[in-house]
Amino acid sequence: RNVTGVQTCALPILAITPFLFIFLLENVKAHCPLCVVGAAVAAGGAKWLGVDTLVVGLFIGAFALSMGWWFSRLVKKEYIKGQKVWIILIIFLLTIIPMLPMLGDKTHAINVFITGGYGSLLNRTYLVDTFLIGSIVGGGIISSTPWMSSKITKKRGKTIPFQGIILTFGLLITIGILLQFLF
């Protein structure tokens, strides 16, 4: 099908092409609002292509937490107790919160019927933002892959080349595909 002169099968290739240049970069030494805007544009493009908000949140959350981990390592001296955790959390929130008005348009109802009358804390319906939930899950995946990688290395006795990257992207893509088609 022809969409304004571009074949629709070419649209995914056109969407991915700008990200191929990431592999040509040797070292990145900046963090700025432009990163957040770039991630938001990529997320908006993914939504336009039909990717579910939960899956977009998964990848943006992974990006945000990775950026937080990376940025926390740049500050060598500890000025406050737990500084690394605070930097990671602040970077994560400063990446996710600005995107909520654009991408946080889908909610999911969670019914909790444990005890008490309806409306009590343990007996009500909660609405959760799927983008926010996806972001938290993506951050959880990024946080758990170094541990998983070390377990694999311990079991095998050696590391596979690019093991951490393969494990991270493999988990994100697998969970993203499952979430896209199951929810």
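The structure displayed is predicted, hence computed values, not measured ones. (Residues numbered from 1 in each chain as written. Predicted model: local features only at pLDDT ≥ 70, side-chain atom pairs only at ≥ 80, totals over all residues. Heavy atoms only, no water.)

## Things to note about the overall build of the protein chain
Thinking step 1. Along the backbone of the protein chain there are 7 helices and 4 strands.
Thinking step 2. For the protein chain, buried positions account for 26% of its 183 residues.
Thinking step 3. Only carbon and sulfur atoms are counted for the fraction: they give 73% of the accessible area of the protein chain, which is about 12500 Å². (Helix = DSSP H or I, 4+ residues; strand = E, 2+ residues; numbered from the N terminus. Buried < 20%, exposed > 50% of the residue type's maximum accessible area, 1.4 Å probe, protein only. Areas by Shrake-Rupley, 256 points an atom, 1.4 Å probe, with all protein chains shown as cover.)

## Overview of the pattern of salt bridges
Thinking step 1. Enumeration over the complete set of coordinates arrives at 1 salt bridge.
Thinking step 2. A salt bridge links lysine 106 to aspartate 52, with the nearest nitrogen and oxygen atoms 2.5 Å apart. Of the two residues, lysine 106 is situated in the loop between α5 (100-103) and β3 (107-113) and aspartate 52 in the loop between α2 (33-48) and α3 (53-74); the sequence distance between them amounts to 54 residues. (Salt bridge = Lys/Arg side-chain N within 4 Å of Asp/Glu carboxyl O.)

## Examining the environment of threonine 153
Thinking step 1. Assignment of secondary structure puts threonine 153 in helix α6 (residues 130-156).
Thinking step 2. Spatially, the C-alpha atoms of threonine 153 and glutamine 163 are 8.9 Å apart, while their sequence positions differ by 10 residues.
Thinking step 3. A polar side-chain atom of threonine 153 sits 3.0 Å from a polar atom in the side chain of glutamine 163. (Polar contact = N/O pair within 3.5 Å; in protein donor to acceptor, adjacent residues only side chain to side chain.)

## Overview of the layout of surface pockets
Thinking step 1. As a volume, the second largest pocket reaches approximately 190 Å³.
Thinking step 2. Every residue along the wall of the second largest pocket is listed here: Asp52, Leu54, Lys106, His108, Ile110, Val128, Thr130, Ile133 and Phe183.
Thinking step 3. Elements that contribute at least two residues to the lining of the second largest pocket include exactly β3 and α6.
Thinking step 4. By residue class, the composition of the lining of the second largest pocket is 5 nonpolar, 2 polar and 2 charged. (1 Å grid on protein atoms, 1.4 Å probe; cavity = no way out; pocket = protein on both sides within 12 Å on 5 of 7 lines; lining within 4 Å. Points joined across faces, edges and corners; volume = space filled by probe spheres on them. Nonpolar A, V, L, I, M, F, W, Y, C, P; charged D, E, K, R; others polar.)

## A few points about the packing of aromatic side chains
Thinking step 1. Scanning the entire structure with this criterion turns up 1 aromatic pair.
Thinking step 2. Aromatic side chains tryptophan 70 and phenylalanine 71 sit 6.4 Å apart centroid to centroid with 45° between the ring planes, which places their arrangement in the tilted category. (Phe/Tyr/Trp six-rings, centres within 6.5 Å; stacked < 30°, edge-to-face > 60°.)

## Considering the confidence of the model for the protein chain
Thinking step 1. Mean pLDDT over the protein chain stands at 79; residues scoring 70 or higher make up 78%.
Thinking step 2. This model gives residues 1-31 a pLDDT under 50, and the stretch forms 17 contacts once residues within four places in sequence are excluded. (pLDDT = per-residue confidence, 0-100. Contact = heavy atoms within 4.5 Å.)

## Overview of the environment of valine 85
Thinking step 1. Locating valine 85 in the fold gives a position in helix α4 (residues 83-96).
Thinking step 2. Considering only alpha carbons, one finds valine 85 and glycine 68, 17 residues apart in sequence, at a separation of 8.8 Å.

## What to know about helix α7 (residues 163-182)
Thinking step 1. The terminal C-alpha atoms of α7 lie 28 Å apart, and with 20 residues this matches the ideal 28 Å at 1.5 Å per residue to within 8%.
Thinking step 2. Taken together, the buried positions of α7 are occupied by Gln163, Leu167, Thr168, Leu172, Gly176 and Leu179.
Thinking step 3. Tucked into the core, α7 has its buried residues touching α3 and α6. (Expected span 1.5 Å × (residues − 1).)

## Things to note about a nonpolar patch on the surface
Thinking step 1. There is a patch of nonpolar side chains on the surface, built from Leu74, Val75, Tyr79, Ile80, Trp86, Leu89, Ile90, Leu93, Leu94 and Ile97 and spanning about 970 Å² of accessible area.
Thinking step 2. Considering every element that reaches the nonpolar patch, the biggest residue donor is α4, with 5 residues.
Thinking step 3. With respect to the secondary-structure elements, isoleucine 90 resides in helix α4.
Thinking step 4. What makes isoleucine 90 partly exposed here is its relative accessible area of 44%. (Patch = residues over 30% accessible without salt bridge, like charges linked within 9 Å, V, L, I, M, F, W, Y side chains within 5 Å.)

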